[in-house]
Amino acid sequence: MHDSAGSVPADDPARRRGVRSVDRALDVLSAFSAAHPRFQLTELAEAAGVPKTSTHRIAVTLVERGFLRQEADGAYVLGNRLLELGSLVSTTNALSHLTQGVAEELIRSTGETVLIAEIDWQDRSLLITGKREAPHSPESLSPLGRRSTLGTGCISRAILSALPREESEEIVTRLPLAQRTPASITDPDALRRELETTRRYGYAVEIGEFIAGIAGVAVPVMVGGRPAGAIAVCGRITRMPRQRLEALGNHIKHLLGRTAAAHPPSPPRAG
């Protein structure tokens, strides 16, 4: 098959330059994180690994398109266009479809912060894709868009518990179990015991394990027979004794079950 007159061959230098420019723009955007939300130009170029002159050209374009914003002191921060696109992602995937109503009902009925996290199995990371924040929510709770490694905490355990045992065991043996707080689980055998408890009850409870002073309970969200993520209710330990956490775990399970029953998967189309 021949290329049409207007097409560009895959090995054409112009096309390679075009791809490289996209790569560099994405490198610039990817340099931003919760730990580094703003950069001066030189800092941004260093963080992105892109020459300063190229970074400046890219940043100017991204500012014009709303993907970056330049503040009065010249520093760059992420722009509202990303928030706009991010909301489209969070409202169109299956995880959001199953949890949106549940999250709204939970924050009304509990008065505590609700988190929705999606699992990326490629790098075994968790991304906070939804957050319904209580008025008294601690600032330390994970912000929307934060990515963390699968490991300690009720969200990670809820997701791992929903996998077949053989698969979860293979993952547990390779997990970096960080000592985030004095209560963090860093022993793989202790994690295995907690996973068995989570499987038995259908929810995972944590008290000061991921963030000091914060307790939470999480339930896995299943899509196509596999955990796509989890939904959690979190708050200060003083308001979240174990008895309340366990009651909330059962409540979340009930709400998710009701939602799944009301919105069953669509039957496959005829070929």
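Residues numbered from 1 in each chain as written. Predicted model: local features only at pLDDT ≥ 70, side-chain atom pairs only at ≥ 80, totals over all residues. Heavy atoms only, no water.

A. Layout of the overall build of the protein chain. A count of helical and extended segments in the protein chain gives nine helices and nine strands. Across the 271 residues that make up the protein chain, the buried fraction comes to 41%. Taking as baseline every contact in the protein chain between residues at least 6 positions apart, the subset at least 24 positions apart corresponds to 56%. Total accessible area computed for the protein chain in this model is approximately 15300 Å², and 54% of it derives from carbon and sulfur atoms. (Helix = DSSP H or I, 4+ residues; strand = E, 2+ residues; numbered from the N terminus. Buried < 20%, exposed > 50% of the residue type's maximum accessible area, 1.4 Å probe, protein only. Contact = heavy atoms within 4.5 Å. Areas by Shrake-Rupley, 256 points an atom, 1.4 Å probe, with all protein chains shown as cover.)

B. Looking closely at helix α8 (residues 188-201). Taking 1.5 Å of rise per residue, 14 residues should cover 20 Å, and α8 covers 20 Å from first to last C-alpha, within 8% of that figure. Within the span of α8, buried status applies to A190, L191, L195 and T198. Along the axis of α8, the buried positions cluster into a sector of 140°, meaning they face one direction only. Those residues of α8 that are exposed and aimed more than 90 degrees away from the buried face are R193 and R200. Backbone geometry just downstream of α8 places G202 in the positive-phi region, at approximately 85°. (Expected span 1.5 Å × (residues − 1). Arc of directions from axis to C-beta.)

C. View of the sheet that holds strand β6 (residues 147-149). Taken in spatial order, the six strands make up an open sheet running β6-β5-β4-β9-β8-β7, and their pairing is antiparallel. The open sheet has two free edges, formed respectively by β6 and β7 (204-207), since each of these has just one partner strand. If you compare each strand with its neighbour and ignore which way they point, the axes differ by 30° on average. Alignment of strand β5 (residues 125-132) against β6, held across three bridges, turns out to be antiparallel. From the neighbouring strand, L127 faces β6, where its bridge partner is R147. (Pairing = 2+ DSSP bridges. Axes fitted to C-alpha atoms, helices over the stretch in contact; angles between N-to-C directions.)

D. Region of the structure containing the packing of aromatic side chains. This model, assessed by the stated rule, comprises two aromatic pairs. Ring geometry for F32 against F39: centres 5.1 Å apart, planes inclined by 75°, an arrangement best described as edge-to-face. By the burial criterion, F32 is buried, and F39 matches it. Summarising the aromatic geometry, the rings of Y201 and Y203 are spaced 6.0 Å apart at their centres and angled 35° between planes, so their arrangement reads as tilted. (Phe/Tyr/Trp six-rings, centres within 6.5 Å; stacked < 30°, edge-to-face > 60°.)

E. Quick peek at the confidence of the model for the protein chain. Summary statistics for the protein chain give a mean pLDDT of 85 and a share of 86% for residues scoring 70 or more. Of the regions scoring below 50 in pLDDT, residues 1-17 engages in five contacts with residues more than four places distant in sequence or in other chains. Predicted confidence for residues 266-271 stays below pLDDT 50, and this span has zero contacts to residues more than four positions away or in other chains. (pLDDT = per-residue confidence, 0-100.)

F. Representation of the packing of helix α6 (residues 154-161) against α8 within the structure. Orientation of α6 relative to α8, taken along the N-to-C sense of each, is 70°, at an axis distance of 9 Å. The angle between the axes of α6 and α8 places the two elements in the roughly perpendicular class. Here α6 and α8 pass one another in a crossing that is right-handed. Counted together, R157, A158, L160 and S161 of α6 and L191, E194, L195, T198 and R199 of α8 form the full contact between these two elements. Classifying every residue of the contact of α6 with α8 by side-chain character gives four nonpolar, two polar and three charged. (Parallel < 35°, antiparallel > 145°, perpendicular 65-115°, else oblique. Left-handed = near helix turned anticlockwise from the far one by under 90°. Nonpolar A, V, L, I, M, F, W, Y, C, P; charged D, E, K, R; others polar.)

G. Representation of helix α2 (residues 41-48) in the model. Of the positions making up α2, those classed as buried are L41, L44, A45 and A48. Buried residues in α2, looked at end-on, bunch into an arc of 100°, giving them a common side. Of the residues flanking the end of α2, it is G49, one or two places downstream, whose phi is positive at about 70°.

H. View of the environment of S137. Of note, S137 is situated in the loop between β5 and β6. Residues S137 and T113, 24 residues apart in the sequence, show an inter-C-alpha distance of 6.2 Å.

I. Representation of the packing of helix α5 (residues 94-110) against helix α9 (residues 242-262) in the model. Remark: α5 packs on α9, axes separated minimally by 10 Å, with the N-to-C direction vectors making an angle of 145°. Both α5 and α9 take part in a crossing whose hand is right-handed. Here L98, T99, V102, E105, L106, S109 and T110 of α5 lie close against α9, whose contacting residues are R244, L248, H251, I252, L255, L256, R258 and T259. For the contact of α5 with α9, a count of residues per class yields seven nonpolar, five polar and three charged.

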